[in-house]
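# Observations on chain architecture
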Amino acid sequence: MHTHTLAELSLLLSTKKISSLELTRHFLERCAHYQHLNAYSLVTAESALTEARAADEARQQNRTPLNALLGIPLAQKDIFCTQGHRTAVGSKMLSNFIPPYDATVIANFKQAGCPMLGKTNCDEFAMGSSNETSYDGPVLNPWATDCTPGGSSGGSAAAVAARLAPAASGTDTGGSIRQPAAMCGLVGLKPTYGLVSRYGMIAFASSMDQGGPMTQTAEDAAMMLNVMAGFDEKDATSVQQPKVDYTKTLNDSIQGLRIGLPKEFFTNDLNDDMHRALDEAIAVLKKQGATFHEISLPHVSLSVPVYYILAPAECSSNLARYDGIRFGYQCSDARDLFDLYTRSRSEGFGAEVKRRVLVGTYVLSSGFYDAYYVKAQKVRTLIAQDFHKNFKDIDMILCPTTPTPAFKLGAKSKDPVAMYLSDIYTIAVNLAGLPGVQVPIGLLDNKPIGMQLIGNFFSEARLLNVAHRYQQETQWHRHMPTNFEPTNGGAK
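One structure accompanies this document, and this report is about it. Residue indices follow the written sequence of each chain, beginning from 1 at its first position. Local features in this predicted model are restricted to residues whose pLDDT is 70 or higher, and side-chain atom pairs enter the listing and the counts only when it is 80 or higher, whereas totals over whole chains, interfaces and linings include all residues. Excluded from the side-chain calculations are hydrogens and water; all other atoms, namely the structure's heavy atoms, are used.

## Remarks on the packing of aromatic side chains
- In summary, the pairing rule links any two rings of Phe, Tyr or Trp, Trp by its six-membered ring, whose centres are within 6.5 Å, and it sorts them by plane angle into stacked for under 30 degrees, edge-to-face for over 60 and tilted for everything else. For the structure on display, the rule yields 14 aromatic pairs.
- Aromatic side chains Phe125 and Tyr322 sit 5.2 Å apart centroid to centroid with 55 degrees between the ring planes, which places their arrangement in the tilted category. Linking Phe125 in the loop between β3 (116–120) and α5 (154–161) with Tyr322 in the loop between α9 (303–318) and α10 (337–348), this pair joins segments that are 197 residues apart in sequence. Neither residue differs from the other here; Phe125 and Tyr322 are each classed as buried.
- Here the aromatic cluster, defined as three or more aromatic residues joined through ring pairs, consists of Phe97, Phe125, Tyr322, Phe327 and Phe349.
- Over the face of the ring belonging to Tyr199 we find Lys234, whose NZ or CZ atom lies 5.2 Å from the ring centre.
- In this structure, Lys412 is placed above the aromatic ring of Phe407, and the distance from its NZ or CZ to the ring centre is 4.3 Å. Elements are defined by DSSP. Helices are runs of H or I of four residues or more, strands are runs of E of two residues or more, and each kind is numbered from the N terminus. Only protein chains enter the accessibility calculation, which uses a 1.4 Å probe; a residue is then buried when its area is under 20% of its type maximum, exposed when over 50%, and partly exposed in between. Any Lys NZ or Arg CZ found within 6 Å of a ring centre and within 35 degrees of that ring's normal is scored as a charge over the ring.

What follows is the structure, given as structure tokens:
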């Protein structure tokens, strides 16, 4: 059952060939069998089974309208608040935090009737590119367990890749859906900023954070986005848009579609094998009628330094609330208020979070605000303008998702700059607030690699259409890591 896509599972459930209870039990068994991957920080077996029974009852009574995902169990990134279940976002600071409410994304999936298998492990406060900064320990990549699955949504990526869940939610601040999706052979969609509510999503960098789906196929991502997207009055950054069914246009023709290839991303620095795989993917789309044009994004090379000024600045502000007093971790035997603040924060936060808080506080401080923060905001505007100028002549952009396949655990943990460069192709999309989708296009050293499609604001339907048409002609999305195939023991 675990090899099926969401679309296939939806059909099996609607024709009553399987029940939600059977399906949920099956995935829970796989979660238990493959727990060494550390993909989950919390498995919510009891409540998942209760929700599965409720979904079966709703289907039995034919309550309308029935969502296409009704009864399909999903995994949720441990950054979305879940009422009654711990939400720790990979941090000691929140290791005892049980929210009294659900994030809007979680509430939407509950309303759709999707049992929650559990909360997936992630980098602490979503700060990381390898899922090694989590207080719950690193996540292992199912394709090569000595390698990272990417981050920060590495737990979600590993869970879906190993089929410990048919799909999962993630969040993307600088590539944290797309990069791990690429390293685990999945489709990962970062929607337009404001399309998916951030209410109840623990903040890292508020002007860039965005939730999105991580799935086996583009069709599955469209089904997930149908549930996740929508205006939310509880989120001041939520955008009021007409409701869209993202599955309706998946099979539309791409004849005459104009796709840009940014010359700044197709340089000699790009691995030859990656370049070859991208050329093969381009050929598939050309065969279906798409045309390709070289474009330029002259300021995109500044994305990484701009991001690592702005994101830490926002992180410094957002994490100021964790003071050891109102909720979260509190040090013991504090001598005075200053000691309570300093020790609670120094003991509760990990090294990467501390690094970003310090950088953010520095660039916002008197004397450096204009030199760093204001200047970075100006360059951010130039990066966004580069994209918008190009979208006057093209429909979308194609480029690599990551510079390399998954790298070894520990390989970059002592070199923050090398780690930050893992997101060199993804960060600009967040700075500009644009949508981007990662699509698997091959294997390199038996590890997945992918391409990224970037569109103008609210062009998710078109991006998923192109990704779907590509997947109709290829089989890379059907590949599974060897040790997790149904013939290799465990829950089959």
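From this point, things continue past the structure.
## Digging into the pattern of salt bridges
- Just to be clear on terms, a salt bridge is a Lys or Arg side-chain nitrogen sitting within 4 Å of an Asp or Glu carboxyl oxygen. Overall, the coordinates contain 15 salt bridges when judged by the stated rule.
- Salt bridges here are not isolated pairs; linked through shared partners, they connect Arg335, Asp339, Arg343 and Glu347.

## Comments concerning the environment of Leu444
- Along the chain, Leu444 falls in strand β10 (residues 436–444).
- Spatially, the C-alpha atom of Leu444 lies 6.9 Å from that of Pro405, the residues being 39 residues apart in sequence.
- Note on contacts: a residue pair is in contact if any heavy atoms of the two residues lie within 4.5 Å. Here Leu444 is in contact with Asn271, Asp273, Met274, Pro405 and Ile449, once residues within four sequence places are set aside.

## So, the side chain of Ser176
- Considering the arrangement of structural elements, one finds Ser176 in the loop between β4 (168–172) and α6 (178–183).
- Within the local environment of Ser176, its side chain forms a polar contact with the backbone nitrogen of Ser152, the two atoms lying 3.1 Å apart. Whenever a nitrogen or oxygen atom comes within 3.5 Å of another N or O atom, the pair is scored as a polar contact, on the condition that within protein one atom can donate a hydrogen and the other can accept it, and that pairs from neighbouring residues in sequence are kept only if both atoms are in side chains.

## Structural notes on the packing of helix α2 (residues 20–33) against helix α3 (residues 45–60)
- Helix axes use the C-alpha atoms of the stretch in contact, all axes being lines fitted to C-alpha atoms, and the angles between their N-to-C directions lie in the range 0 to 180 degrees. At a minimum axis separation of 8 Å, α2 and α3 run at an interaxial angle of 160 degrees. Taken together, the axes of α2 and α3 lie roughly antiparallel to each other. Seen from above, α2 lies across α3 with right-handed handedness. Residue-level inspection shows Ser20, Leu21, Thr24, Arg25 and Leu28 of α2 in contact with α3, the latter providing Ala45, Ala48, Leu49, Ala52, Arg53, Ala55 and Asp56.
- Under the scheme applied, nonpolar residues are Ala, Val, Leu, Ile, Met, Phe, Trp, Tyr, Cys and Pro; charged residues are Asp, Glu, Lys and Arg; polar residues are all the others, including Gly. Taken together, the residues of the contact of α2 with α3 break down into seven nonpolar, two polar and three charged. Roughly parallel means an angle under 35 degrees; roughly antiparallel means over 145; roughly perpendicular covers 65 to 115; every other angle is labelled oblique. Crossing handedness is read from the near helix: turned anticlockwise from the far helix by less than a right angle, it gives a left-handed crossing, and turned clockwise, a right-handed one.

## Focus on helix α1 (residues 6–14)
- Looking only at α1, the buried set comprises Leu6, Leu9, Ser10, Leu12 and Leu13. Seen along its axis, α1 keeps its buried residues to an arc of 165 degrees; they face one direction.
- After α1 finishes, the residue Lys16 shows a positive phi value of roughly 60 degrees. By construction, the arc corresponds to the directions joining the helix axis to the C-beta atoms.

## Here's the deal with the pairing of strand β11 (residues 447–455)
- The buried fraction of β11 is high, at nine of nine residues.
- Here β11 shows two buried faces, one formed by Lys447, Ile449, Met451, Leu453 and Gly455 and the other by Pro448, Gly450, Gln452 and Ile454.
- Two strands qualify as a pair provided DSSP detects at least 2 bridges between them. Bridging between strand β9 (residues 396–400) and β11 involves five bridges; their strand directions are antiparallel. From the neighbouring strand, Met396 faces β11, where its bridge partner is Gly455.
- The pairing of β10 with β11 spans eight bridges and is classified as antiparallel.

## Overview of a nonpolar patch on the surface
- Residues Ile325, Leu337 and Tyr341 make up a contiguous nonpolar surface patch of roughly 270 Å² in combined accessible area.
- Structurally, the position occupied by Leu337 is in helix α10.
- Judged by relative accessible area, Leu337 falls into the partly exposed class, the value being 47%. Patch rule: a residue counts if its relative accessible area is over 30% and it has no salt bridge; like charges are joined within 9 Å, and nonpolar side chains (Val, Leu, Ile, Met, Phe, Trp, Tyr) within 5 Å. Surface accessibility follows the Shrake-Rupley procedure with a 1.4 Å probe radius. Residue values consider only the protein chains on display as shielding.

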